[in-house]
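Below are the chains, spelled out letter by letter.
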Amino acid sequence: LEVAAMQDAHFEATGQLVGPLHGVVMALKDQYDTFDMRTTQGADAFFADDRPPDDATFTSRLRAAGAIILAKANMGEYASGDRSSFGGVTCNPYDTERSPGRSSGGSGAAVAANLVTCAIGEESGGSIVNPTRHNNLVGLPATIELVSRDGMYAAAPILNDRIGPMCRTVEEA
């Protein structure tokens, strides 16, 4: 709420938005570092108290563009499956008996449940494509070279992890 209040004050004073994502409420897959929230990769054992000293490059760029990072989205432990030993099982908001769509399912479920406008996922083996399909969303895995992965825990060093948004509409994405 602090960030939104500061953005409101800036807009009232200047008539200008702070950036192209001014006021867009987002969730990040719990694979990206944030200075103000712990990063767990969906695991409890090694990351329970991990509070990174700074944001991942991608997170910093989102904030600079005006995005409001509301929360970390639950993810499959170490980017595998739907279950997290830290956050539990992510459910599909349309049918809790169905999968939300693999490791970025928490990001997809957060958007589908209208908790956030957009969420950021990570694609290495269908982890943006599947949650968007399972949750009736639009996802856009970016070209690897276009988005920094600094401060992001990769699913596996040999995979081509791609960062991308999941939103309700093509226009939002």
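For the structure, see preceding data.
Conventions we followed
- Residues numbered from 1 in each chain as written.
- Predicted model: local features only at pLDDT ≥ 70, side-chain atom pairs only at ≥ 80, totals over all residues.
- Heavy atoms only, no water.
- Phe/Tyr/Trp six-rings, centres within 6.5 Å; stacked < 30°, edge-to-face > 60°.
- Helix = DSSP H or I, 4+ residues; strand = E, 2+ residues; numbered from the N terminus.
- Buried < 20%, exposed > 50% of the residue type's maximum accessible area, 1.4 Å probe, protein only.
- Expected span 1.5 Å × (residues − 1).
- Core = buried A, V, L, I, M, F, W, Y, C linked by side-chain atoms within 4.5 Å.
- Contact = heavy atoms within 4.5 Å.
- Polar contact = N/O pair within 3.5 Å; in protein donor to acceptor, adjacent residues only side chain to side chain.
- Disulfide = S-S within 2.5 Å.
- Salt bridge = Lys/Arg side-chain N within 4 Å of Asp/Glu carboxyl O.
- Pairing = 2+ DSSP bridges.

Tallied over the full model, the rule gives 1 aromatic pair. Their ring planes at 45° and their centres at 6.3 Å tell us that Tyr32 and Phe58 sit as a pair that is tilted. In this pair, Tyr32 is assigned in the loop between strand 1 (25-29) and helix 2 (57-64) and Phe58 in helix 2, connecting sequence segments 26 residues apart. The class of Tyr32 is buried, set by a relative accessible area of 0%.

All right, on to helix 1 (residues 2-14) then. The terminal C-alpha atoms of helix 1, which comprises 13 residues, lie 18 Å apart, in line with the 18 Å expected from a rise of 1.5 Å per residue. Two residues or fewer after helix 1 comes Gly15, characterised by a positive phi angle close to 75°.

So, about the nonpolar core. Core analysis: the largest hydrophobic core is formed by 15 residues, its most contacted members being Met26, Leu62, Ile69, Ile120 and Ile163. Counting residues per element, the ones that place at least two in this core are strand 1, helix 2, strand 5 (118-123) and strand 7 (162-167). The residues touching Met26, leaving out its near neighbours within four places in the chain, are Leu62, Ala67, Ile68, Ile69, Leu70, Ala71, Val116, Cys118 and Ile120. Grouped together as the second largest cluster of nonpolar side chains are 9 residues, Val116, Ala119, Leu137 and Met166 included.

Turning to the side chain of Ser103, a few remarks are in order. Looking at the secondary structure, you find Ser103 in the loop between strand 4 (88-89) and helix 3 (105-112). A distance of 2.9 Å separates a polar atom in the side chain of Ser103 from a polar atom in the side chain of Ser127. Beyond its immediate sequence surroundings of up to four residues, Ser103 is in contact with Lys29, Asn74, Met75, Gly76, Ala79, Ser80, Gly81, Glu122 and Ser127.

Here the focus is the state of the cysteines. Taken as a whole and judged by the stated rule, the model has 1 disulfide. Shown here is the disulfide that connects Cys118 with Cys167, its sulfur atoms set 2.3 Å apart. Classification of the bridge connecting Cys118 and Cys167 rests on its S-S torsion, roughly 120°, and on that basis the disulfide is right-handed. Note that Cys118 is positioned in strand 5 and Cys167 in strand 7, a separation of 49 residues in sequence. This pair shows no difference in class: Cys118 is buried, exactly as Cys167 is.

Overall, the coordinates contain 5 salt bridges when judged by the stated rule. Note that Arg63 and Asp36 form a salt bridge whose closest N and O atoms lie 2.8 Å from each other. Placement of the pair is Arg63 in helix 2 and Asp36 in the loop between strand 1 and helix 2, with a sequence separation of 27 residues. According to the relative accessible area criterion, Asp36 is partly exposed, its value standing at 38%. Between Arg63 and Asp55 there is a salt bridge, and its shortest N-O distance comes to 2.7 Å.

Now for the side chain of Thr39. Here Thr39 is to be found in the loop between strand 1 and helix 2. The class of Thr39 is buried, set by a relative accessible area of 0%. A distance of 3.2 Å separates polar atoms of two side chains, one belonging to Thr39 and the other to Asp33. Polar side-chain contacts of Thr39 include one of 2.9 Å to the side chain of Lys72.

This brings us to the pairing of strand 5. For strand 5, the buried fraction is high: 6 of the 6 residues fall into the buried class. Alternating residues of strand 5 divide into Cys118, Ile120 and Glu122 and Ala119, Gly121 and Glu123, and every residue in both groups is buried. As judged from the 3 bridges shared by strand 1 and strand 5, these two strands associate in the parallel manner. Of the residues in strand 5, the one forming a bridge with Met26 is Cys118. The sheet contact formed by strand 5 and strand 7 spans 6 bridges and is antiparallel. In the strand pairing of strand 7, Cys118 is matched with Cys167.

Limitation: the analysis is restricted to geometry and does not speak to function.
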